[in-house]
There are 2 protein chains.
Amino acid sequence: VRLRSYNRLVRVSEIGEFGLIKLLAQEIGAAFEDGGAPRPGVLVDIGDDAVVAPPVSGAQVWTTDTLVAGVHFLPQRTPWRNAGWKAMAVNVSDIAAMGARPYLALVTLNLPADSCVEDIIDLYRGLRDCCDAYGVIIGGGDIVRAPIFSVTVALSGEAAVDPQGQPRVLRRSTAVPGDLVAVTGTLGDAAAGLRLVRSGASREDPAAARLIEAHERPRPSVEEGLAAVSAGVTCGMDISDGLVQDLGHICRTSGAAAEVDAARLPLSDELRSRFPADAVDLALSGGEDYELLYCASGDALDRLQREGVTVTVIGSIRAGSAAVTVRGLDGVERVWDAAGGWDHFRGGTSS
Amino acid sequence: VRLRSYNRLVRVSEIGEFGLIKLLAQEIGAAFEDGGAPRPGVLVDIGDDAVVAPPVSGAQVWTTDTLVAGVHFLPQRTPWRNAGWKAMAVNVSDIAAMGARPYLALVTLNLPADSCVEDIIDLYRGLRDCCDAYGVIIGGGDIVRAPIFSVTVALSGEAAVDPQGQPRVLRRSTAVPGDLVAVTGTLGDAAAGLRLVRSGASREDPAAARLIEAHERPRPSVEEGLAAVSAGVTCGMDISDGLVQDLGHICRTSGAAAEVDAARLPLSDELRSRFPADAVDLALSGGEDYELLYCASGDALDRLQREGVTVTVIGSIRAGSAAVTVRGLDGVERVWDAAGGWDHFRGGTSS
């Protein structure tokens, strides 16, 4: 199938759904209705009524997340390949956040008829890049016509189970007073990258490129989630809404409160250099970091670090109801409450 | 949360995503972030990063299918509750078509901001109706804003495995010359129902109501698929594109040809009475029947009937390449070829 005709981009409407499915099957290395062998890890490959994979011994974990053009990414600004990576990565991160291992994805495309075939193939290459990085197989999906582009990924994973049949996963509801609050990686980079994308910043600058990559190609922490379960950590989630808001989710479901010390937030050099005034705010509430947030005892975090996972302790859990208190660089404490905002200032040296 | 305000319907934009999720969680009986026990069949319920279900011993089967308003159903004509049923049923049918048992679904809603909350709850009631009928649990999903309503269901199921670890499922690729072609139920009713919906026919008339129900609330053949696997049937699929086209899929992937005798097609009294002139054509190519189509030996079909599944033999498989020949009521044979149409007439008494 041609991608260009007389130097003009070919539209999806010109090759039809069946033509597009054949191209996309080729991108993921699947034989489509040609009697070829199924891919490794699959028993019945795409082209039948459903895909079939071998039995697994662990608990089953599922998530789904959708990216809509113009809402979750800007097609004029973001390469389609990066949009594809991100569509898969946000789902992989949800599985990582449970301390589970992802393995099979279904991809649904809502496509305007004038979508360029080349763009959709680039999107699929990005999906595939992320699948290859995390051992995920795309087991098919659906393509429908729609006025606005969106991509929905449904992803399944496998979690360890204990001898009683209970899953060994990271929950939001198991934080207890005395736990330390720790995170993987650095925070705020993705939010800074989004600002740069929106402002049309050049990707030539290495610091900008690194921040934009954090936004467009986040790296889910699958191994860090699995290691946490091994280390006996039971409370964790991924940071998607922003550190303070997500820590608020943990506090609400655990019936506890949290304190965070802004001076301890892990900030990248790129973030500090490009956004010196806003670095802490971006790290606290920027969102889309897709790093893991753990609440665990110091012993459990020590075991985790001995497994090779680097974490930064940024605060602690205490008795209370759902509030997250942040001690700023200036020593002022601000309280973020369950209703979803900074509700008042208190204490500190400058109040 | 109110559904009506001063006798006016409340829109989704007025209660927000979080408000809607709480209402929908209530519809499916799930505790949402309130620390309640997970539902039976679920280990970690909605409200965490992903849903977790117990290990299963069988092979894993997955499918996904989307219904778009205005394309796959007409919101002005079809009750939302029926659209919900159908969105789930078409996925259940894909799992049934593999001879597997469905068990966990994820539901993604693409919602215009001015969607009525009441409509979306009705949709969810329809999804729930179908889940209850087939033992499926809704394990969460995603809600995004979009210009046109669509609902995407991703559904997983479980298939039997043989001692060698191979799945015991119904394939499209295993038809062999000498097999009989058989179907469950009656054909053409759903296509007739679609015509009635489009023409705005009254649902008061019992025959019309029965045909419209076949279109809007199809009954997937889960037990008939499982029984077929038990009976040793290996080739089958569900009829969604239409009998002849779907039988063409089997012929293409199996490298065989098929003959169908129109006089043997199972037609309902309602179809015959409302569409006497078109009944056979609707049964041959109307589509969306969601009955099962089997290709199997007479012995295997006998075993299947002894398991209590009523099937109608309508033709047979023979050597050849991908063509489906239909012998009409007039004795004329027409050939439907792999390119997707009736390509010529041949033989018969009136040619």
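Structure first, text after, so check above.
For the structure given in this document, a descriptive report is provided here. Source: prediction; values computed, not measured.

## Describing the overall build of chain A
In terms of helices and strands, chain A carries 10 helices and 16 strands. Radius of gyration (C-alpha) of chain A: 22 Å, near the 20 Å computed for a compact globule of 351 residues. C-alpha extents for chain A along the principal axes are approximately 70 × 55 × 35 Å. Out of the 351 residues in chain A, the part that is buried amounts to 57%. For chain A, contacts bridging at least 24 residues in sequence account for 77% of all contacts bridging at least 6. Here chain A has roughly 13,600 Å² of accessible surface; of this, 48% comes from carbon and sulfur atoms. Mean positive and mean negative side-chain charge positions of chain A (32 and 46 charges, respectively) differ by 3 Å.

## Thoughts on the relation of the copies chain B and chain A
Two copies of the chain are present, and they differ by a rotation about an axis and a shift along that axis. After a rotation of 180 degrees and a shift along the axis of 0.0 Å, chain B superposes on chain A with an RMSD of 0.0 Å. Between the two chains, the operation in question is that of a two-fold axis. Here 100% of the interface residues in chain B have copies in chain A that are interface residues too; the copies meet face to matching face.

## A short note on the interface of chain B and chain A
A common way to state how big an interface is: give the accessible area lost once the parts meet. In this complex, chain B contributes 58 residues to the contact, which on the side of chain A involves 58 residues. Regarding the contact of chain B and chain A, the summed buried area is about 4,400 Å², with carbon and sulfur atoms giving 58% of it. Counting every contact that joins chain B to chain A gives 14 residue pairs in polar contact (both at pLDDT 80 or more). At the level of secondary structure, the elements contributing two or more residues to the side of chain B that touches chain A comprise strand E3 (51-53), strand E4 (59-68), helix H2 (80-96), strand E5 (101-111), strand E6 (137-145), strand E7 (150-161), strand E10 (235-238) and helix H7 (243-254) of chain B. Ranked by the residues each element gives to the side of chain B that touches chain A, the list is headed by E4 of chain B, at 9 residues.

## With respect to the packing of aromatic side chains
Scanning the entire structure with this criterion turns up 8 aromatic pairs over all chains. Here the aromatic rings of tryptophan 80 of chain A and phenylalanine 149 of chain A are separated by 4.8 Å at their centres, their planes lie at 90 degrees, and the arrangement is edge-to-face. Residue tryptophan 80 of chain A is found in helix H2 (residues 80-96), and its partner phenylalanine 149 of chain A is found in the loop between strand E6 (137-145) and strand E7 (150-161); the two are separated by 69 residues along the sequence. We classify phenylalanine 149 of chain A as buried; its relative accessible area is 4%. Here the aromatic rings of phenylalanine 73 of chain B and tryptophan 80 of chain B are separated by 5.7 Å at their centres, their planes lie at 75 degrees, and the arrangement is edge-to-face. Comparing phenylalanine 73 of chain B with tryptophan 80 of chain B, the two get one shared label, buried. Taken together, Phe73, Trp80 and Phe149 of chain A form an aromatic cluster joined through their ring pairs.

About the criteria used
- Residues numbered from 1 in each chain as written.
- Chains lettered and ligands numbered in written order.
- Predicted model: local features only at pLDDT ≥ 70, side-chain atom pairs only at ≥ 80, totals over all residues.
- Heavy atoms only, no water.
- Helix = DSSP H or I, 4+ residues; strand = E, 2+ residues; numbered from the N terminus.
- Rg over C-alpha atoms; globule rule 2.2 N^0.38 Å.
- Buried < 20%, exposed > 50% of the residue type's maximum accessible area, 1.4 Å probe, protein only.
- Contact = heavy atoms within 4.5 Å.
- Areas by Shrake-Rupley, 256 points an atom, 1.4 Å probe, with all protein chains shown as cover.
- Lys, Arg positive; Asp, Glu negative; His and termini not counted.
- Charge placed at Lys NZ, Arg CZ, Asp CG, Glu CD.
- Least-squares fit on C-alpha atoms with pLDDT ≥ 70 in both.
- Buried area = accessible area lost by both parts, 1.4 Å probe.
- Polar contact = N/O pair within 3.5 Å; in protein donor to acceptor, adjacent residues only side chain to side chain.
- Phe/Tyr/Trp six-rings, centres within 6.5 Å; stacked < 30°, edge-to-face > 60°.

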